[in-house]
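# An overview of the molecular structure
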Amino acid sequence: MSKRILCVPFDPVHDVGIKIIKNELDKNGHHTELLSPDLSPEVIVKIASKGNYDFILVSRTLGYGVAEMLARFVDMLDAAGVREKSKIVIGGKPITPELAAELGFDKGFGEHSSLEELLAYIEGREVKQAGTGLHRTKKDITSKYDYRFKHTEIGSLLDSIANKLITFTADKTSPGVERAKIRAEIFTTQDEAKKKVLLSDYYSLCDEVIVEGNTKKNFVKGVREVTAQEIINLNSFLGRSQPLNPYKIQYNEKQPLLFKFLGSGCPIMDITHAKVCERYGIDGFLIINPSWEARYEGLLQGCLTHENDGTITSFENIKLMRESLDESTLLTVRAHRGLNTPETVLLAGKAGADLAKINLVYGSLGAGTDPVRLAVDGVEAIKLAARYNMPFDIPGNDELSGVPAWKTLAGLLINVMVGIKLGAKPILKPLFCYGPHIVINGMMKQNFIDYNAAKVYALREIVNAPIWPGEPIAFMTQSEERVQSANATSYHASLAASTGVDAITVASTDEAYSRGPICITSRIDSIRAISDAFRFVGDAKFATTSQADYFTEDLINKITSTLREVDSKENLTAAIYDGLLGNKEDGAYPGKFGYGTVN
């Protein structure tokens, strides 16, 4: 049933908002009348009293003395008998339901109110308000991809390379693989005596510093247990703090999901920051572990905090973080750095994480692990990711050392094929950055768009797989000035949206050049900048120049040549040792951690 509505811009100048509302009401069949914004309260009351209106909609910004004026205006409407036949409603950016009631209005609509909520109120319908809670569903980055290789030769080369690697690792094991098997058995056994034997077997494969920490609480310097009171305080915070009027970053569903880093060292600090970031629209988080965790055989156990960068990826820490996040929020765990790759993926799966991070090439050339050790551990880790239905992303950070993009992308594609053959769901992760090889060779001298876009275009022409630029986007283009850093991140986010990628990882404005703890205001800076950029771009796109087409073709040709060379070797590890996916001139060196430990 249509309503008669008087729209009152109770403001000397602005009436844009009430005009938008009037237009929406008209489209839904209601009869509206819009007054001019320069009428006195007495004139408005006179018009309202003569008309037979169901609703009087008043729009007003607040300022000095305005609240008192609005209260007097409501009294005048009461005295004129308007309230007996009309509901009086106020709207404006600073309006809250509480303020509207205090001023005498029947209803108030503020900054976070939607047109649908107003329409439902006028039509007497119930509508689910945004209010508290995220009210969103978990996204699957891999769901729309079939992993079909469009480039026949590259697909054939990758098939051969992956088969040789899987054959090479088939009869081999390592302390990391064996620890993962023992931990899996510990999770399932109910026999305490057997569990004690299994733990003894586990510790026989660990470095002494890990054994000391787990058995005697003699932890690595800077590590301590999270106290029971700290957990109580965290649960109290989570229980009383729900997302209020949450933002949505993406303006449309085609724009990519946004991930942020967690890795302050303290899981409680990470969770506190994450809950605020969820309210501002962040879709997922990546747990970054401390660098020393990669160097030791074995993992620390328990809910632990660490006074330096990197949050310990114990089962208890991952589980605490997963359970504290909204069920719609994605959580990924870095696993490919060091000697605990299979076990980390196992713990992530058991703790309920959604994704893992594995790259057999980058972990060997940029993260210090022996190529043979990581080949054996990485294959087992990918099998575990498949078992727990966790897609794994493949970071391309080795380009930051000076490795050319085509070698990086060739490495990513090798991991994709290995993942496919082992039943997992891999995600390509090229960098959007200003890396050393790019600087030296002037690939971004004209603009920062063409070369970054070409990486995505090249991968799209090769394989139908998800693409998630990281880690983070805009790396090496940010400065320590917060506004510039937020702007640079937002430009790269807009480019990512234009190229149709599935997700991006972003840093806080103080993260790339951090001189201390990352603060929540800096996290919000980057999120809000991206939100504005996504709204500004909408469904439009950045236009690349012809140079992007040249870069795309050049990358595909060089990826093909690189893969031919890799396939000519006995297996992937030989190719890594020979520098085919990054050499000393590129600033990449085969790692040493775990050398000689494969049986």
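Below is a summary of the structure that appears in this document. No experiment lies behind these values; they were computed from the predicted model shown. Here the residue index of a chain counts from 1 through its sequence in written order. This being a predicted model, a pLDDT of at least 70 is required before a residue's local features are given, and a value of 80 or more before pairs of side-chain atoms are given or counted; all residues contribute to the totals for chains, interfaces and linings. Excluded from the side-chain calculation are hydrogens and water; included are all heavy atoms of the structure.

## Quick look at the overall build of the protein chain
Looking only at helices and strands, the protein chain has 22 helices and 16 strands in total. Across its three principal directions, the C-alpha atoms of the protein chain cover 90 × 65 × 45 Å. We get accessible surface area from the Shrake-Rupley algorithm with a probe of 1.4 Å; when it comes to residues, only the shown protein chains can shield them. Counting every atom, the protein chain has about 25400 Å² of accessible surface; 52% of that belongs to carbon and sulfur. Under this rule, positive means Lys or Arg and negative means Asp or Glu; His and the chain ends count for nothing. Think of each charge as sitting on NZ of Lys, CZ of Arg, CG of Asp or CD of Glu. Computed over 68 positive and 75 negative side-chain charges, the inter-centroid distance for the protein chain is 1 Å. Under the DSSP-based scheme used, a helix requires at least four consecutive residues in state H or I and a strand at least two consecutive residues in state E, with every element numbered from the N terminus.

## Re the pairing of strand β3 (residues 55-59)
Each residue is placed in one exposure class: buried if its accessible area under a 1.4 Å probe, protein chains only, is under 20% of its type's maximum, exposed if it is over 50%, and partly exposed if it falls in between. Where burial is concerned, most of β3 is hidden: four out of the five residues are buried. Any two strands with at least two DSSP bridges between them are considered paired. Relative to β3, strand β1 (residues 4-9) runs parallel, the two sharing five bridges. Within the sheet, the bridge partner assigned to I5 lies in β3 and is F55. Pairing of β3 with strand β4 (residues 87-91), which is carried by five bridges, proceeds in the parallel orientation. Bridge pairing in β4 places V58 opposite I90.

## Brief notes about the sheet that holds strand β10 (residues 330-334)
Pairing is parallel in the open sheet, where seven strands are placed in the order β13-β12-β11-β10-β8-β7-β16. The outermost strands of the open sheet, each flanked by one partner alone, are β13 (426-429) and β16 (503-506). With direction set aside, neighbouring strand axes in the sheet form an average angle of 25°. Bridge count between strand β8 (residues 284-287) and β10: four bridges; the pairing is parallel. For I287, the partnering residue across the bridge sits in β10 and is V333. Most of the contacts of helix α20 (residues 520-537) go to strand β7 (residues 257-262), to which it runs at about 170°, and overall it touches β7 and β16. All axes here are fitted lines through C-alpha atoms, helices being fitted over the stretch that makes contact, and every angle between N-to-C directions spans 0 to 180 degrees. Whether two residues touch is decided by their heavy atoms; if any such pair falls within 4.5 Å, the residues are in contact.

## Observations concerning the pattern of salt bridges
Think of it this way: side chains of opposite charge can pair up when their charged atoms draw near. The term salt bridge refers to a side-chain nitrogen of Lys or Arg lying within 4 Å of a carboxyl oxygen of Asp or Glu. Per the stated rule, a full pass over the model turns up 38 salt bridges. Put simply, K195 and E192 hold a salt bridge, and the shortest N to O gap is 3.8 Å. With K195 and E192 both in helix α8 (residues 192-203) and three residues apart, this pair spans about one turn of that helix. Overall, the relative accessible area of 23% leaves K195 in the partly exposed class. Residue class for E192 comes out exposed when judged on its relative accessible area of 55%. Among the charged side chains, a network of salt bridges with common partners joins R179, R183, E297, E343, R373 and D377.

## Focus on helix α6 (residues 152-170)
What a helix is expected to span follows from its residue count: subtract one and scale by 1.5 Å. Over its 19 residues, α6 runs 27 Å from end to end, which matches the ideal 27 Å to within 8%, given 1.5 Å per residue. Looking at the buried residues of α6, the elements they touch are α15 (371-387), α16 (405-421), α18 (450-462), α21 (546-567) and α22 (572-577).

## Considerations on the pairing of β16
With burial as the criterion, each face of β16 is covered, one bearing A503 and T505 and the other bearing I504 and V506. Pairing analysis gives four bridges linking β7 to β16, with the strands arranged parallel. Each residue of the ladder has a partner; that of L257, found in β16, is A503.

## Observations concerning the sheet that holds β1
With respect to topology, five strands assemble into an open sheet ordered β2-β1-β3-β4-β5, the strand pairing being parallel. Because the sheet does not close on itself, it has two edges, and the strands there are β2 (31-34) and β5 (107-109). On average, each strand axis in the sheet is tilted by 20° relative to the strand beside it, whichever way the strands run. Of the pairings in the sheet, the one linking β4 to β5 comprises three bridges and is parallel in character. Residue V89 lies in a different strand from β5, and its bridge partner there is K107. Packed onto the sheet, helix α1 (residues 16-27) meets β1, β2 and β3 and runs at close to 160° relative to β2.

## A short note on the side chain of N571
Examined against the element boundaries, N571 turns out to sit in the loop between α21 and α22. In this structure N571 comes out as buried when scored by relative accessible area, which is 5%. In this view, N571 contacts K164 and F168; residues no more than four positions away in its chain are not counted.

## Points about unusual backbone geometry
A cis amide bond, omega 0°, links G470 with the succeeding residue E471. Structurally, E471 can be placed in strand β15 (residues 470-475). If you check the backbone angles, M476 has positive phi at about 75° while not being a glycine. M476 gets classed as partly exposed once you look at its relative accessible area, which sits at 41%.

## Some details on a nonpolar patch on the surface
Each patch is built from residues lacking any salt bridge and having more than 30% relative accessible area; the joining distance is 9 Å for like charges and 5 Å for nonpolar side chains (Val, Leu, Ile, Met, Phe, Trp, Tyr). Side chains of V16, I20 and L115 sit close together on the surface and give an oily, nonpolar patch of about 260 Å² of accessible area. With respect to the helices and strands, L115 occurs in helix α5 (residues 115-123).

## Some details on the state of the cysteines
To count as a disulfide, a pair of cysteine sulfur atoms needs to be within 2.5 Å. Per the counting criterion, the structure on display carries zero disulfides. Not part of a disulfide, C266 finds its nearest cysteine sulfur in C303, a span of 8.4 Å. Residue C266 is classed as partly exposed on the basis of its relative accessible area, which comes to 22%. Free of any disulfide, C277 has its nearest neighbouring cysteine sulfur in C519, separated by 11 Å.

All we've got here are geometric facts, nothing functional implied.
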